[in-house]
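Tertiary structure, described
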Amino acid sequence: MKPFGYTRSARASEAVGLVAARPEGSFIAGGTDLLNLMKDGAVAPDLVVDINDLPLSGVAVRDGRLRIGATARMGDVADHPVVGERFPVLSQALLASASPQVRNRATIGGNLMQRTRCWYFRDAGSPCNKREPGSGCPALKGQNRWHAIQGGSDHCIAVHPSDLAVALSALDAVVLTLGPDGPRSLPLGDFYRLPGATPDRETALRHGEMITGIEIPDSPLARSSRYLKVRDRATFEFAVVSLAAALTMKGRVVTDVRFAFGGIAPRPWRSAEAEEALRGRPLTDAAVASAARELVRGARPREHNAFKVELVQRALADILADLGGQ
Ligand code: SF4
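What this report covers is the structure whose coordinates are included nearby. What you see is a predicted model; the values in this text were computed from it and never measured.

Rules behind the numbers
- Residues numbered from 1 in each chain as written.
- Predicted model: local features only at pLDDT ≥ 70, side-chain atom pairs only at ≥ 80, totals over all residues.
- Heavy atoms only, no water.
- Core = buried A, V, L, I, M, F, W, Y, C linked by side-chain atoms within 4.5 Å.
- Buried < 20%, exposed > 50% of the residue type's maximum accessible area, 1.4 Å probe, protein only.
- Helix = DSSP H or I, 4+ residues; strand = E, 2+ residues; numbered from the N terminus.
- Contact = heavy atoms within 4.5 Å.
- Pairing = 2+ DSSP bridges.
- Axes fitted to C-alpha atoms, helices over the stretch in contact; angles between N-to-C directions.
- Expected span 1.5 Å × (residues − 1).
- Arc of directions from axis to C-beta.

1. Points about the nonpolar core
Core analysis: the largest hydrophobic core is formed by 41 residues, its most contacted members being I68, L90, I108, L168 and I216. Among the elements that take part in this core, helix α9 (residues 163-170) stands out by supplying 6 residues, more than any other. Residues within four places of I68 in sequence aside, it is in contact with G58, V59, V77, L90, I108, G213, I214 and I216. Ranked by size, the runner-up nonpolar core spans 30 residues in total, among them V240, L243, A292 and V296.

2. Details of the sheet that holds strand β9 (residues 225-230)
If you walk across this open sheet you meet the 3 strands as β9-β10-β11, and the pairing is antiparallel. Of all strands in the sheet, those bounded by a partner on one side alone are β9 and β11 (253-262). Within the sheet, the average angular offset between the axes of one strand and its neighbour, ignoring direction, is 15 degrees. Across 6 bridges, the pairing between β9 and strand β10 (residues 241-250) is antiparallel. Directly across from R226, in β10, lies its bridge partner A245. Along the sheet, helix α5 (residues 88-95) contacts β9 and β10; its crossing angle with β9, the most-contacted strand, is approximately 20 degrees.

3. Some words on helix α14 (residues 307-323)
The end-to-end C-alpha separation of α14 is 25 Å, in line with the 24 Å expected for 17 residues at 1.5 Å each. By the burial criterion, the buried members of α14 are K308, V309, V312, Q313, A315, L316, I319, L320 and L323. Relative to the axis of α14, the buried residues are bounded by an arc of 155 degrees and lie together on one face. For α14, exposure combined with an orientation more than 90 degrees from the buried face picks out R314 and D318. Looking at the buried positions of α14, the neighbouring elements they touch are β9, β10, β11 and α13 (285-296). The first or second residue beyond α14 is G325, which carries a positive phi of 70 degrees.

Okay, here's the thing in structure tokens:
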């Protein structure tokens with residue numbers, strides 16, 4: 001690991017200034033992903049600024065929105081009674097993530113900022129356009145079972161690993177930030193970038209800008225939400241495919257619906273067409289099949305991950321059967 005500086009700050013504007021002033025400055029809170037990346041040589045910050053002393057760990061509903069602070073621990077948010085009752089998809093996604101030990105340490109902001117588990121990215125001896133722009137993408141012709149079938153490019157097909165981000169995407173969450181130019185609110189749909197020709201740029205954050213919290217509308221949709229994670233083993237494993245869904249119905253007719261998918265794209269994947277195939281229609285097998293077809297339209301599977309095209313459609317049918325009470 002390369003030598004680096006370390007400091008703590010109890011003032012958000014000071015922490016932002018410290019990171020912004022260094023070319024490779026980085027925030028740290030739980031450190032559960034950043035330290036592994038540093039040890040693997042995938043990232044090498046010259047300064048890490050510890051933000052655990054900032055007052056950003058609260059969880060509360062105010063003015064019709066759930067507000068979760070960036071340094072709230074994953075385990076605390078998962079176990080929060082309001083989250084479990086009114087935002088079940090959040091609680092389920094968090095409990096499906098990592099291990100209890102990691103959830104007790106890892107933060108909400110850090111979870112959103114965690115980096116891909118593409119093994120080429122984490123192996124400093126492999127070329128990787130995300131780690132070293134222009135060096136190539138061995139996953140395109142190599143081991144790509146875990147990689148994207150939607151939203152990838154000829155430069156990168158890595159998927160984003162966060163379960164929480166998928167759940168937040170389905171609930172139309174907003175990411176609150178503070179940067180050198182002041183505070184911003186970024187809809188989650190605008191927060192993550194698709195790789196295109198610049199896979200090293202993963203989010204809309206500017207250098208020195210940090211996540212301060214998340215806001216989620218407190219709505220009937222959020223109360224009727226679920227998370228489904230398909231993985232190779234039942235615990236401490238990343239998703240092969242995952243799905244967050246929220247559905248409201250009147251009788252058998254879908255009044256509103258949201259889906260977001262994990263494990264299939266470089267960011268939580270929304271399909272407006274798939275949602276539109278259900279909204280305002282009876283929840284029938286034919287409607288579900290139509291939504292599933294829309295979901296995988298334009299999919300570009302690779303040598304080892306074509307199975308995801310079928311798997312993600314089955315996951316959609318399963319979660320809709322659960323939410324629709326079939
Ligand atoms: Fe790197 Fe992306 Fe290719 Fe993985 S898929 S090797 S992260 S460029």
